Each structure stands twice: as C-alpha cells, then as structure tokens.
Amino acid sequence: MIKRKIFLITFLLGGFCFSSYAQQLTERVDDVSIYKIGNRPSKGTKLLTFGLGINDTDGKIFSKYNLLQKGNLITGKYFISDNTAIRAGIRLSKETSTSGGDIDTAITGGTTISNSLQKTTRNYAIMPGIEKHFSNSNFFDIYGGGDLYLGFEKDKLREEYDYTNDFYNRKTAKTTTTKVGVGGVIGINMFILDLPISVGIEYGISAIWNLGGKTHVKEDIKDPLGTRSNDYYTEGTDAFNNPDANKYSNLKKNSSEIETNNNLKVLLNIYFK
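Residues numbered from 1 in each chain as written. Predicted model: local features only at pLDDT ≥ 70, side-chain atom pairs only at ≥ 80, totals over all residues. Heavy atoms only, no water.

## Describing the overall build of the protein chain
In terms of helices and strands, the protein chain carries 2 helices and 10 strands. For the protein chain, restricting intrachain contacts to residue pairs at least 6 apart in sequence, the fraction spanning at least 24 positions comes to 66%. Split by element, the accessible area of the protein chain, about 17700 Å² in all, is 59% carbon and sulfur. (Helix = DSSP H or I, 4+ residues; strand = E, 2+ residues; numbered from the N terminus. Contact = heavy atoms within 4.5 Å. Areas by Shrake-Rupley, 256 points an atom, 1.4 Å probe, with all protein chains shown as cover.)

Quick look at the structure:
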C-alpha cells in the first residue's frame, strides 16, 4: 500500500515537471543580444590624436600631427564640457654636435694646426586650439574649431680654425625663424563599436607667416692680409627661390601663405578618462 502511494506521487511529480518543460519549449522567447554602437566622449574625456596629412607635399605645420615621427607634434585633446574640447600640440627638439682637436701637420702637410666646430639646432613649437562638437549622435561626431601656431627655430654654427704663423679664422652663423599661424577646421569622426576609438577626417583653411630666416654671420680673421672683423647677413635662397650667395649689410626676409585644405588629414583618436 505504501509502495503504491510512493509510486503514484512520483508519477504525478514527473508528469508535472514534463508538462512545465513542454510549456517552456512551446512558449520560449529567444534571448536578445544588444550591441552598443559608439562611445561618445563626455566632459573629462582625454584623447591622444594621430593624424596623416594626405595632401601634405611641403611639410606644412598644420599637417604635422603625431605619427611618432621626427618633426611631428605630439597632439591631444581634453573635453571641458560634453560638447567642447581644447586641443594642443607640442614639439621640442634640440640637436648639438661638436668636434675639435690638434692636427698633426707632419702627417697632413697643411697649415691648419687645430680646429673647434659646433652645430646646434633648436625647434620649439606649440599649437593650442579649441573645437565645438555639434552632433549628439552616438555614431558620428561633427565638429568645428580653430588653432593657433607659434614656433621658434634657431640654428647656430661655430667654426674656429688656427693656422701656422698665429693666423686664425673665427666664425659664427645664427639663423632665427619665428613661425606664426592660424587655422580653422571642420571635422567628422566615426566611432568604432563600443571601443574607445574613432577615425575621422579634418580639413580647413590656414594662414602661416615665417618671420626671419636670414643668417647673421660674424667673423674674426687674421691672415697674411692682416687682422679684420666682418659682420654681415646671408640667405640660402631669395624671394624667387633662387640660390643667393650675396653678403648683406642689412637684410629683411619673411614669407606667408594662406591656403585652403593644406591641413587635410585622416585622424585616429584614442579616448581615455
């Protein structure tokens, strides 16, 4: 009697479980997977920006975005609000090479007994800017903005030669250039899935002024003709881009350029908080 009751209870429970499982099969709803597209930046977001100037044939300063190559600006952005970002690029470089020594005239057979040479090149540049983002799309990001550019370049060459009979030649040559520029840009970025990455294109108009570029030369000479000092200016090329070997007592040199789309580039942005 007890065995019959146990069998009956087991049978009823099994039937109930099977009925419930069958109902789930007939009324099942598939799982829904939602893939988020876009990872739009917000206030406090930082960006490291890489850019390739696709129409840069003359090394324009507004196309020298960070490609981890020599001469490129290290560039980044910071969102001060959900729709406004400040941007900046910076470049610092200095190269110095020196050599000098006493020359064994018994081997060379010449009249130069010693020399001292030094060459220094310095380049400092900063490019601050601001951009306003107009689209609220989580896929496309459209923006407009502007940049300023301020750069300083200085090349210095020092040559000192000592000859027999107490003759000598001391020469220094300094070339200083200041670069000033302004630019306006329009750009569009496309976010890649939910990754902190976007790719885009940016183009606009820019104006660049190169102030200076002339070379100031000073010489102190003692040779069979006597002792004398020279102070003059030179330039590598003239305004028509022709070689110029003249020595000037006074020289003015500058250039400027205004051009559309000379800063057209493809961008890769990496976002982080």
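## As for unusual backbone geometry
Non-glycine residue Asp 166 carries a positive phi angle of around 65 degrees. Note that Asp 166 resides in the loop between β5 (140–163) and β6 (168–191). A residue is classified by how much of its surface remains accessible, and Asp 166, at 61% relative accessible area, is exposed. With a phi close to 65 degrees, Asn 241 is a non-glycine residue in the positive phi region. By the secondary structure assignment, Asn 241 is in the loop between β8 (226–234) and β9 (254–260). For Asn 241, a relative accessible area of 60% translates into the label exposed. (Buried < 20%, exposed > 50% of the residue type's maximum accessible area, 1.4 Å probe, protein only.)

## A look at the environment of Leu 67
Assignment of secondary structure puts Leu 67 in the loop between β1 (46–53) and β2 (74–81). Dropping the residues within four chain positions of it, Leu 67 is found in contact with Gly 51, Leu 52 and Asn 72.

## Considerations on the nonpolar core
If you look at the biggest cluster of nonpolar residues, it comprises 10 residues: Ile 61, Phe 62, Tyr 65, Leu 73, Ala 125, Met 127, Tyr 143, Tyr 149, Ile 208 and Leu 267. Taken together, the elements giving at least two residues each to this core come down to β4 (112–133) and β5. Setting aside residues up to four positions removed in sequence, Leu 267 forms contacts with Thr 49, Phe 50, Gly 51, Tyr 65, Tyr 143, Ser 198, Val 199, Gly 200 and Glu 202. Ranked by size, the runner-up nonpolar core spans 5 residues in total, among them Leu 47, Phe 79, Phe 191 and Tyr 271. (Core = buried A, V, L, I, M, F, W, Y, C linked by side-chain atoms within 4.5 Å.)

## Here's the deal with the confidence of the model for the protein chain
Averaged over the protein chain, the pLDDT score is 84; the fraction of residues at 70 or greater is 82%. When pLDDT is averaged over each element of the protein chain, β8 comes out on top at 97 and helix α1 (residues 2–26) at the bottom at 44. Note on residues 2–37: pLDDT is under 50 here. Beyond four places in sequence and across chains, it has 6 contacts. (pLDDT = per-residue confidence, 0-100.)

## Details of the pattern of salt bridges
Using the criterion set out here, one finds 9 salt bridges in the structure. Residue Glu 202 is joined to Arg 87 by a salt bridge in which the shortest nitrogen-to-oxygen separation is 3.0 Å. Separated by 115 residues along the polypeptide, Glu 202 in strand β7 (residues 197–223) and Arg 87 in strand β3 (residues 84–102) bring together distant segments of the chain. Here Glu 202 matches Arg 87 in class, with each residue buried. Connected through salt bridges with shared partners, the residues Lys 77, Arg 87, Glu 131, Asp 147, Glu 202 and Lys 265 form a single ionic network. (Salt bridge = Lys/Arg side-chain N within 4 Å of Asp/Glu carboxyl O.)

## Topic: the environment of Ile 270
Secondary-structure assignment places Ile 270 in strand β10 (residues 265–272). Residue classification places Ile 270 among the partly exposed positions, given a relative accessible area of 32%. Distance from Ile 270 to Phe 50, taken between C-alpha atoms, is 8.5 Å for residues 220 residues apart in sequence.

## Some remarks on the side chain of Lys 77
By secondary structure assignment, the location of Lys 77 is in strand β2. There is a polar contact of 3.3 Å between the side chain of Lys 77 and the side chain of Glu 131. With sequence-adjacent residues up to four places away left out, Lys 77 is seen in contact with Thr 45, Lys 46, Leu 47, Thr 49, Ile 86, Arg 87, Glu 131, Tyr 143 and Asn 269. (Polar contact = N/O pair within 3.5 Å; in protein donor to acceptor, adjacent residues only side chain to side chain.)

## Focus on the packing of aromatic side chains
By the definition in use, this model includes 3 aromatic pairs. Look at Phe 139 and Phe 140: their rings are 4.7 Å apart centre to centre, the planes differ by 80 degrees, and that puts the pair in the edge-to-face class. Judged by relative accessible area, which is 31%, Phe 139 ranks as partly exposed. The class of Phe 140 is partly exposed, set by a relative accessible area of 35%. Consider the rings of Phe 191 and Tyr 271, whose centres lie 5.9 Å apart with planes at 45 degrees: the pair is tilted. (Phe/Tyr/Trp six-rings, centres within 6.5 Å; stacked < 30°, edge-to-face > 60°.)

## Concerning the pairing of β5
Sheet topology note: the β4/β5 ladder contains 19 bridges and is antiparallel. Paired with Arg 122 across the strands is Lys 154, a residue of β5. Between β4 and β5, which pair antiparallel in sequence order, lie 6 residues. (Pairing = 2+ DSSP bridges.)

## Looking at the environment of Pro 41
Inspection of the secondary structure puts Pro 41 in the loop between α1 and β1. Taking relative accessible area as the criterion, Pro 41 reaches 8% and is therefore assigned buried. Between the C-alpha atoms of Pro 41 and Tyr 78, which are 37 residues apart in sequence, the distance is 9.7 Å. Beyond its immediate chain neighbours, meaning those up to four positions away, Pro 41 contacts Phe 79, Asp 82, Phe 191 and Tyr 271.

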